[in-house]
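Working through the structure, step by step
The chain contents come next:
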Amino acid sequence: MRSAALTLLLLASLACARIYRPVELAAARPQPQGQGLAGTLVPQPWGDNSRNEGKAQSAHLRVLVLGLDNPSAAGLEVLRLGVPEGVTALSPEAAADLVKQYSMLHLLYPLIPALLAGGSSGAGNPASWGPTPAMVFEAMAVLGLLVGMPNLLVANNSNRRLGEFFQKHAWSPGHLEPGQSRRGLVFLRCQDPSTAFQVKVFYRAGDGEQVLDLTCPAPAPR
């Protein structure tokens, strides 16, 4: 039953799904800088969701909180963000797709043994007692179904909740009244995952368009 042992090792190597643990949006409170727009970029913590964090690091994705404050006496309009060459701003849906768990992978728990059972001979060795290889794989397929389906449901639910968090808190341009603050998530994918870079916030105050330069910090060493 060497093939059954190898199948068990293969299935054991498949990671179980992880439950998504809710996190709070990071504080990003700019210090007033006189007239004009004030802002800051800070990394969004992942909390206990280390698997999603690992996927983000592998994909060179930085999830940050952009905090903006209007300390002036007049309203202003935040227009858009500008990123340097080699950096791409992603939608919350695209960012969530990069860090989601592979839910369909858990179908391999019952599928692999079921396929092996179909390819195994139903007859055992007449000189020996015990189950046939087909019977062993069929039992493994049933066990795999009992393990795989809950993991699939957990992964799907975790992916949904993370996607909802990204969409709910995603940053968007808009009007800022005097003294008003706003913060939201931005999703930046960069070719060089280890460096800091500048992000430009374009806004209109009065009749002219202005630019606020913010620094996206380099990730902390792992």
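Structure: see above.
Residues numbered from 1 in each chain as written. Predicted model: local features only at pLDDT ≥ 70, side-chain atom pairs only at ≥ 80, totals over all residues. Heavy atoms only, no water.

Some thoughts on the overall build of the protein chain
- Scanning the protein chain for helices and strands turns up 5 helices and 8 strands.
- Going through the 222 residues of the protein chain one by one, you find that 37% of them count as buried.
- When contacts within the protein chain are restricted to residue pairs at least 6 apart in sequence, those whose partners lie at least 24 apart make up 76%.
- Counting only carbon and sulfur atoms, one obtains 58% of the accessible surface of the protein chain, whose full area is about 12400 Å². (Helix = DSSP H or I, 4+ residues; strand = E, 2+ residues; numbered from the N terminus. Buried < 20%, exposed > 50% of the residue type's maximum accessible area, 1.4 Å probe, protein only. Contact = heavy atoms within 4.5 Å. Areas by Shrake-Rupley, 256 points an atom, 1.4 Å probe, with all protein chains shown as cover.)

Describing the environment of Gly179
- One can find Gly179 in the loop between strand S5 (174-176) and strand S6 (181-190).
- C-alpha of Gly179 to C-alpha of Pro71: the two residues are 108 residues apart in sequence and 5.0 Å apart in space.

So, helix H3 (residues 92-99)
- Every buried residue of H3 is listed here: Pro92, Ala95, Ala96 and Val99. The buried residues of H3 occupy one face: seen down the axis, they fall within an arc of 100 degrees. (Arc of directions from axis to C-beta.)

Re the pattern of salt bridges
- Under the definition given, this model contains 4 salt bridges.
- Linking Lys100 and Asp97 is a salt bridge whose minimum nitrogen-to-oxygen distance equals 2.9 Å.
- When its relative accessible area of 33% is taken as the criterion, Lys100 is described as partly exposed.
- Taking the shortest distance from any N to any O, the salt bridge between Arg160 and Glu164 comes out at 3.1 Å. Separated by 4 residues within a single helix, Arg160 and Glu164 lie in helix H5 (residues 133-169), roughly one turn from each other.
- What makes Glu164 partly exposed here is its relative accessible area of 43%. (Salt bridge = Lys/Arg side-chain N within 4 Å of Asp/Glu carboxyl O.)

Looking at the sheet that holds strand S4 (residues 87-90)
- Pairing within the open sheet is antiparallel, and its 4 strands lie in the order S1-S2-S6-S4. Either end of the sheet is taken by a strand with one partner, and the two such strands are strand S1 (38-43) and S4. Here the strands of the sheet are splayed against their neighbours by 35 degrees on average, with no regard to which way each runs.
- Taken together, the 9 bridges between strand S2 (residues 61-69) and S6 define a ladder with antiparallel strand orientation. (Pairing = 2+ DSSP bridges. Axes fitted to C-alpha atoms, helices over the stretch in contact; angles between N-to-C directions.)

The values are spatial; any link to function lies outside them.
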